[in-house]
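# Understanding the architecture of this molecule
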Amino acid sequence: MATPSPLPDALESKIFTTREALSSGVGPSRLRARDIAHPFRGVNLVSDRQPTFVQRCRALMAVLPPGSFISHESAARLFDFPVRRGDARSIHVTVPAPYRAPRRRYVVGHRRSVLGDEWMRSVGFAHSTACRAWLELTGSSFTLDDAIIVGDYLVRPRETRRAYRPLATLDQLRTAAERSIDRRGAGRIARALDGIRERVDSPKETELRLLLLRAGCPELIVNEPFLDQWGRVIVQPDLRIRGFRITLDYEGDHHRTQRRQWMRDVRRFRQLAGAEIVGLRVVADDLEPPGVYEFLDEVQGELDRQGWTGRLRYRLS
């Protein structure tokens, strides 16, 4: 098989349009060579492999009007939101008025009036900020539970190159909602903001909290330690029920497979027993039928023993 002829230096290591190639003297037959990918019609990429998601985003931006940015589900993918909706092959993009939303295969176009601080630039192109991506999806495709799960994920501090900080603070989410020109889903956004909690370590912990609250459980406290009479930390559970000596910890599969984690769990629950605190261990099967009924019965029993007079009832989200 013949080796493709070299491309001009200006095109060798970049994304380029077919118009740029033709104006540089590159003919249509060269553009069909095996070392050039075509993520979208009229856009070319020097690569003999299937373009990555980020490369496809960069390629699409090359043919969009000024002020456009990657948005919605595609921006959520860049921030690794724990909830995904829509076709993973499609790229969502927002263009500013008065431009028309693009219509291409595997492209979902949106046209909005936006504020300048609602988008940012990283990985080589512009995209929605974490706050705006959350608003875009909460106002359209997210359920209320989805919005709270992602909100918890965004406000949890994490280690970055610059500092230990969240992708967005709760105040930033509230401010973005107040300033947003797009008012779709305003009621769901307001309810989600009320339900978001900081210091949540995983989406499953959020699911557990929402399940219990829908069932009618008393107030739940997130990742706050139990202290002994001298102010020392006994244990810091995922959740504890205010007014009761009951904690709940969600245990993913690593609690079973990682020896060090398993040993920490044994010590933790030994400490709970010594302090006369009931520690309930929760697994994935407890969050949905049929396991959820047995799980709620267990929580109900512990609440009853500590004097609660209410009743838990499983309710779908």
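Residues numbered from 1 in each chain as written. Predicted model: local features only at pLDDT ≥ 70, side-chain atom pairs only at ≥ 80, totals over all residues. Heavy atoms only, no water.

What follows deals with the packing of helix α7 (residues 144–155) against helix α9 (residues 186–195). Where α7 contacts α9, the two axes come as close as 9 Å, and the packing angle between them is 45°. One element, α7, and the other, α9, form an angle in the oblique class. Crossing handedness for the pair α7 and α9: right-handed. Across from Leu-144, Ala-147, Ile-148 and Asp-152 in α7, the residues of α9 making contact are Arg-188, Arg-191, Ala-192 and Gly-195. Along the lines of polarity and charge, the residues of the contact of α7 with α9 split into 4 nonpolar, 1 polar and 3 charged. (Axes fitted to C-alpha atoms, helices over the stretch in contact; angles between N-to-C directions. Helix = DSSP H or I, 4+ residues; strand = E, 2+ residues; numbered from the N terminus. Parallel < 35°, antiparallel > 145°, perpendicular 65-115°, else oblique. Left-handed = near helix turned anticlockwise from the far one by under 90°. Contact = heavy atoms within 4.5 Å. Nonpolar A, V, L, I, M, F, W, Y, C, P; charged D, E, K, R; others polar.)

Another point: the pairing of strand β9 (residues 125–128). Here strand β8 (residues 119–122) pairs with β9 via 4 bridges, running antiparallel. The residue bridging Trp-119 from the neighbouring strand is Ser-128, located in β9. (Pairing = 2+ DSSP bridges.)

Relative to the helices and strands, Ser-128 resides in strand β9. Residue class for Ser-128 comes out buried when judged on its relative accessible area of 0%. Reaching out from Ser-128, the side chain makes a polar contact with the side chain of Glu-136 at a distance of 3.1 Å. Ignoring sequence-local partners within four residues, the contact set of Ser-128 consists of Phe-69, Ile-70, Ser-71, His-72, Ala-75, Phe-79, Glu-118, Trp-119, Met-120, Ala-133 and Glu-136. (Buried < 20%, exposed > 50% of the residue type's maximum accessible area, 1.4 Å probe, protein only. Polar contact = N/O pair within 3.5 Å; in protein donor to acceptor, adjacent residues only side chain to side chain.)

So, on to the sheet that holds strand β12 (residues 220–222). The strand order across the open sheet formed by 4 strands is β12-β15-β16-β17, and the pairing between neighbours is mixed. Bordering the open sheet on either side are β12 and β17 (278–282), each of which pairs with just one other strand. The average angle at which neighbouring strand axes cross in this sheet is 25°, direction not considered. Where helix α10 (residues 203–215) meets the sheet, its contacts fall on β12, β15 (239–241), β16 (246–250) and β17, and the angle it forms with β16 comes to roughly 135°.

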